[in-house]
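# Observations on chain architecture
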Amino acid sequence: MGNIVSDSGNKSVGIAIDSVTHRFGPGQLTLDNVSLNVEPGEFVAIVGPSGCGKTTLLNLVAGLLPTQEGTITLANEQPRPGHPLVGYMLARDALFGWRTVRRNVELGAEIRGQDEALREIRAVELIRQVGLAGYEDAYPKALSHGMRQRAALARTFCLDVAVLLMDEPFGALDAQTKLQLEDLLLDLWTRERRTVLFVTHDLNEALVLADRVVVMGRNPGTIRLVVQVTLPRPREARMLQSDPHFHDLSATIWRELEGGMGPWLDR
Ligand SMILES: Nc1ncnc2c1ncn2[C@@H]1O[C@H](COP(=O)(O)OP(=O)(O)OP(=O)(O)O)[C@@H](O)[C@H]1O
Ligand SMILES: [Mg+2]
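Residue numbers restart at each chain and count upward from 1, following the sequence in its written direction. Each chain gets a letter, beginning with A, and each ligand a number, beginning with 1, in the order they are written. Local features in this predicted model are restricted to residues of pLDDT 70 or higher, and side-chain atom pairs are both shown and tallied only at a pLDDT of 80 or more, whereas totals for entire chains, interfaces and linings draw on every residue.

### Digging into the packing of helix α6 (residues 145–158) against helix α7 (residues 175–191)
- With axes taken as lines fitted to C-alpha atoms, and helix axes fitted only over the stretch in contact, angles between N-to-C directions fall between 0 and 180 degrees. Working definition: helices are DSSP H or I runs of at least four residues, strands are E runs of at least two. Numbering for both runs from the N terminus. Running from N to C, α6 and α7 cross one another at 15°; their axes reach a closest spacing of 11 Å. Taken as axis vectors, α6 and α7 run roughly parallel relative to one another. Relative to α7, α6 is oriented so that their crossing is right-handed. Judged by residue contacts, G146, Q149, R150, L153 and F157 of α6 engage T177, L181, L184, L185 and L188 from α7.
- Ten residues, namely Ala, Val, Leu, Ile, Met, Phe, Trp, Tyr, Cys and Pro, are considered nonpolar, four, namely Asp, Glu, Lys and Arg, are considered charged, and the remaining ones, Gly among them, are considered polar. Each residue belonging to the contact of α6 with α7 can be placed in one class, and the counts come to six nonpolar, three polar and one charged. Each angle is binned into one of four classes, with values under 35 degrees roughly parallel, values over 145 roughly antiparallel, values of 65 to 115 roughly perpendicular, and all other values oblique. Should the near helix be turned anticlockwise from the far one by less than a right angle, the crossing is termed left-handed; should it be turned clockwise, right-handed. Once C-beta atoms have been placed from the backbone, residue pairs whose C-beta atoms lie within 7 Å are recorded as contacts.

And the structure:
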């Protein structure tokens, strides 16, 4: 697929976050001295309690918030909104109701001025890969929530970008659809190794997907632990759950999350 119509896999862009501190107001220290290097083509998941600054960190990398202290570098540049090498996918990623599935999938690529014929070929191929073949000309209202998130995933991958920022993209889905989409994401990512920074509340999801899991704590938001996920690839969401090493890694992270951080989920 992609390598014919996309060269983003070869762009090899990492993310360097160095000593980043962020305040939303005087005395409101949201991120405190956060440093993280994401290697080109690496999949890094961030977990941590609600309010620890995960979305803030992604927004800083996306250039949607200005960096106040410290530095963030992507492809030798500072972040900026609409950076041609960066795509962002959210938990409830809205599709436009007046565009068909195909034209929604093409949207980001269209906005970025990518070649029309190529983006159409690519969109149709991605729609097939996310299991929506036959729905190319359907409108979002005819799709279930899970199908819409599939379309949003296809749209994210249709972008010819080297870096994907994903903020709980499967957070609002039922358990089974979530497992399917995790496998789908792994499949797409394996074909075109993009650099991914993926926020989730779901530790199992983080361990299934990522090369490394970053555990954050809050008040203020800091990185408490970085765990190398030494589970072999290719991985499959359902199979890993019976792997003892998976449970060892999970126990290590849970200990860190519970250690002096207050409730893990309190919203
Ligand atoms: N625009 C804003 N203005 C003021 N405070 C903000 C703003 N955005 C976030 N915050 C605060 O910064 C802190 C971190 O918020 P953020 O959304 O980054 O957390 P999060 O880790 O993504 O949480 P969740 O898991 O609930 O999504 C919170 O205390 C939040 O209230
Ligand atoms: Mg968030």
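More follows now that the structure is in view.
### Considering the pairing of strand β8 (residues 212–217)
- Exposure criterion: with C-beta atoms placed from backbone coordinates, a residue whose C-beta has 20 or more other C-beta atoms within 10 Å is buried, one with 12 or fewer is exposed, and one in between is partly exposed. Counting buried residues in β8 gives five out of six residues, a clear majority hidden from the surface.
- At least two DSSP bridges between two strands are needed for those strands to be called paired. Judged from the four bridges that link them, strand β3 (residues 43–47) and β8 form a sheet pairing that is parallel. Looking at the pairing, V44 lines up with R212 of β8.
- Direction of pairing for β8 relative to strand β9 (residues 222–228): antiparallel, over a ladder of six bridges. Bridged to V214 within β9 is V226.

### Some words on the confidence of the model for the chain
- What pLDDT conveys is the predictor's confidence in a given residue, as a value from 0 to 100. When pLDDT is averaged along the chain, the result is 89, and 93% of the positions lie at 70 or above.
- Low pLDDT, under 50, characterises residues 1–9; the stretch is placed with 21 contacts to residues that sit more than four places away or in other chains.
- Taken as a whole, residues 262–267 scores under 50 in pLDDT and shows eight contacts with residues more than four places along the chain or in a different chain.

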